[in-house]
Each structure stands twice: as C-alpha cells, then as structure tokens.
Amino acid sequence: MAINTDIQRDTVLDRQTTRLAPPPMYQVVLLNDDYTPMEFVVNVLRRVFDKGEDEAARIMLKVHHEGRGVCGVYTRDIAATRVEMVRHLAQARQHPLQCIMEPAPDA
Ligand code: TYC
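Scoring rules and cut-offs
- Residues numbered from 1 in each chain as written.
- Predicted model: local features only at pLDDT ≥ 70, side-chain atom pairs only at ≥ 80, totals over all residues.
- Heavy atoms only, no water.
- Helix = DSSP H or I, 4+ residues; strand = E, 2+ residues; numbered from the N terminus.
- Expected span 1.5 Å × (residues − 1).
- Contact = heavy atoms within 4.5 Å.
- Salt bridge = Lys/Arg side-chain N within 4 Å of Asp/Glu carboxyl O.
- Buried < 20%, exposed > 50% of the residue type's maximum accessible area, 1.4 Å probe, protein only.
- 1 Å grid on protein atoms, 1.4 Å probe; cavity = no way out; pocket = protein on both sides within 12 Å on 5 of 7 lines; lining within 4 Å.
- Points joined across faces, edges and corners; volume = space filled by probe spheres on them.
- Nonpolar A, V, L, I, M, F, W, Y, C, P; charged D, E, K, R; others polar.
- Near = heavy atom within 4 Å.
- Polar contact = N/O pair within 3.5 Å; in protein donor to acceptor, adjacent residues only side chain to side chain.
- Areas by Shrake-Rupley, 256 points an atom, 1.4 Å probe, with all protein chains shown as cover.
- Lys, Arg positive; Asp, Glu negative; His and termini not counted.

Caption draft 1: A look at helix α2 (residues 38-49). Helix length check: α2 (12 residues) gives 16 Å between terminal C-alpha atoms against 16 Å at 1.5 Å per residue, within 8%. In this fold, the buried residues of α2 make contact with β1 (25-31), α3 (53-66), β2 (68-75) and α4 (76-92). Just past α2, the residue Asp50 takes up positive phi, approximately 55°.

Written as structure tokens, this is what we have:
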C-alpha cells in the first residue's frame, strides 16, 4: 500500500503545478472625435459589442463627454477582432472613429 500512497501524492502535486492561470484580459475603448455621427457610434456598439439601445447610448454619451469609454473586456484575440470590426465599419463610411485595446486593470 506504500506504493499506492506515493502515486496519489504525485498525482495531486502534478495537478497543482499544471493548473492554468486565467488569461490576460483586454478592454476595448472607443475614443471621441468631432465628426463621427452619434447614431453611427450607437449602431457600432449594438452590432459589435451586443449592447442594447439604452446601454449603447449611455456608452456613446460617456465617450462624447469624457473623451473615451470602455465597450467591453475580452481575451486578447476577441478584443483584437472587435477593434478590427469597428475600424472596418468606420472606414467603410469614412468616419474617423478610433478604437483601441489596452490591458484591463486588475479586477
Ligand atoms: N463627438 C461626436 C459628435 O459630436 C460623437 C461621438 C461619440 C464620436 C463617441 C465618437 O467614440 C465617439 N458627433
């Protein structure tokens, strides 16, 4: 039975040392400008970030008044994809809307 006990201890140690850390998270941020129409920004927030009408309007107004606003917090690839989607939509309509991602502050 001594052998069995050793195996069990090894197994527990293994599990502890290979446990994964949570992935780094990134916040996607919209920046204000003087030209992009408010309605376009609200539509982007609804389409790209799955916001409802009220939440989209609230974030758009926060960006308008404060210069920037967080649209959501995601893992790196999802954040990067959403930034690209915003840039693509803005470019298609020739709006100067800027969207960036940055490491999310620790919760
Ligand atoms: N400031 C813009 C305007 O007055 C609206 C706007 C809001 C633009 C948010 C960009 O990320 C933005 N039309």
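The rest of the description comes next.
Caption draft 2: Representation of the pattern of salt bridges in the model. Scanning the entire structure with this criterion turns up 7 salt bridges. Here Arg76 and Asp77 are joined by a salt bridge, their closest N and O atoms 3.7 Å apart. Here Arg76 and Asp77 have matching classes, each one exposed.

Caption draft 3: Up close: the layout of surface pockets. What the largest pocket holds in volume is close to 150 Å³. Asn32, Asp33, Thr36, Val41 and His64 are the residues nearest the centre of the largest pocket, which is lined by 13 residues in total. Elements with a minimum of two residues in the lining of the largest pocket: β1, α2 and α3. Looking at the lining of the largest pocket element by element, the count peaks at 3 residues for α3. Among the residues forming the lining of the largest pocket, the class breakdown is 8 nonpolar, 3 polar and 2 charged.

Caption draft 4: Representation of the site of the ligand within the structure. All residues adjacent to the ligand are Leu30, Leu31, Asn32, Asp33, Thr36, Met38, Val41, Met60, Val63, His64 and Leu97. One of the backbone N or O atoms of Asp33 is found 2.7 Å from a nitrogen atom in the ligand. His64 is positioned with one of its side-chain polar atoms (N or O) 2.9 Å from a nitrogen atom of the ligand. The protein chains hide 90% of the 350 Å² of surface that the ligand would expose on its own.

Caption draft 5: The side chain of Asp33, seen in detail. Structurally, the position occupied by Asp33 is in the loop between β1 and α2. Buried within the structure, Asp33 lacks any salt-bridge partner; Arg87 is the closest side chain of opposite charge, at an N-O distance of 12 Å. A polar contact is formed between the side chain of Asp33 and the backbone nitrogen of Tyr35, at a distance of 2.7 Å. Among the polar contacts listed, one links the side chain of Asp33 to the backbone nitrogen of Thr36, at a separation of 2.6 Å. Apart from residues lying up to four places away in sequence, Asp33 is in contact with Pro96 and Leu97.

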